[in-house]
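In case you want the letters, here they are:
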Amino acid sequence: MTEVPAMDNAAQGEQIDEGLRADSLGRLESEVGVLVWRAKRAMKARGRMIHPDLPPGGYMMLTWIAERGPVRASALVDGLGIDKGAVSRMVQAMIDLGLLERHPDPEDGRASLVSVTAEARDGLDRVTRERRVRFNDRLADWSPDDIDGLSAMLARYNEALERQGS
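None of these values were measured; they are calculated from a predicted model. (Residues numbered from 1 in each chain as written. Predicted model: local features only at pLDDT ≥ 70, side-chain atom pairs only at ≥ 80, totals over all residues. Heavy atoms only, no water.)

Engineer: Tell me what's going on with the pairing of strand E1 (residues 100–105), and back it up with residues and numbers.
Structural biologist: Alignment of E1 against strand E2 (residues 108–116), held across 6 bridges, turns out to be antiparallel. Bridging from a neighbouring strand, leucine 100 pairs with valine 116 of E2. (Pairing = 2+ DSSP bridges. Helix = DSSP H or I, 4+ residues; strand = E, 2+ residues; numbered from the N terminus.)

Engineer: So what's going on with helix H2 (residues 18–50)? Residues and values would help.
Structural biologist: The end-to-end C-alpha distance of H2, which contains 33 residues, comes to 47 Å, matching closely the 48 Å that a straight helix rising 1.5 Å per residue would cover. Along H2, the residues classified as buried are Arg46, Gly47 and Ile50. On the buried face of H2, the contacting elements are helix H3 (58–68) and helix H6 (118–138). With a side-chain oxygen lying 2.8 Å from the backbone nitrogen of glycine 19, the N-terminal cap of H2 falls on aspartate 17. (Expected span 1.5 Å × (residues − 1). Buried < 20%, exposed > 50% of the residue type's maximum accessible area, 1.4 Å probe, protein only. Contact = heavy atoms within 4.5 Å. Polar contact = N/O pair within 3.5 Å; in protein donor to acceptor, adjacent residues only side chain to side chain.)

Engineer: So what's going on with a positive patch on the surface? Residues and values would help.
Structural biologist: Residues Arg38, Arg41, Arg134 and Arg138 make up a contiguous surface patch of positive charge. Mapped by element, the contributors of at least two residues to the positive patch are H2 and H6. Within the secondary structure, arginine 38 sits in helix H2. (Patch = residues over 30% accessible without salt bridge, like charges linked within 9 Å, V, L, I, M, F, W, Y side chains within 5 Å. Areas by Shrake-Rupley, 256 points an atom, 1.4 Å probe, with all protein chains shown as cover. Salt bridge = Lys/Arg side-chain N within 4 Å of Asp/Glu carboxyl O. Lys, Arg positive; Asp, Glu negative; His and termini not counted. Charge placed at Lys NZ, Arg CZ, Asp CG, Glu CD.)

Written out as C-alpha cells, the structure reads:
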C-alpha cells in the first residue's frame, strides 16, 4: 500500500470549501476575541492582587521583568512594545509602590537596571499558585491529551503570529 504524502497548508486550503473555511475562521476569531477580553480582565485582577494601585499593564511588566530581570528600560520598550515615555512612567509608578527597584548597570554607569522587589516577587508567586489552582479547576474534566493538544495548537498559532510580526 502506498502512503499518500502529507499536503502542505496551501494545498489543503485549495481543497477546502472557502465558505466552510470562512465560517471556521469567523468562529475562531470570535473565540480568540473572548479569550483576549477575559485575559485582559484577568490581568487587571491579578495586578490588583499584587497591589491595588498597580497601573494598567503593570502586571504584564512585572512578570516580564521577573522572568528576565534585572533589565534596562530599553529592553522593556523592545520586549513589550511600549513606547519609552510610557515605560518610564510605569516603572516610576511601580518604584513608588515598592514593586520595582532601580540599580546602576555595572556594565555602563550611565544606565540603570530595574528589577522586582521581594514584595513583588512574593505577590507574583502567590498569583501564580492561585492561577494554577484555577486552571486545574477549570480544566478538571479535560484529559492530559486534551490539554496538551490545546497547548500545541496555541503554540502553533503563536508561532504563526511571530512569523507575521504580529
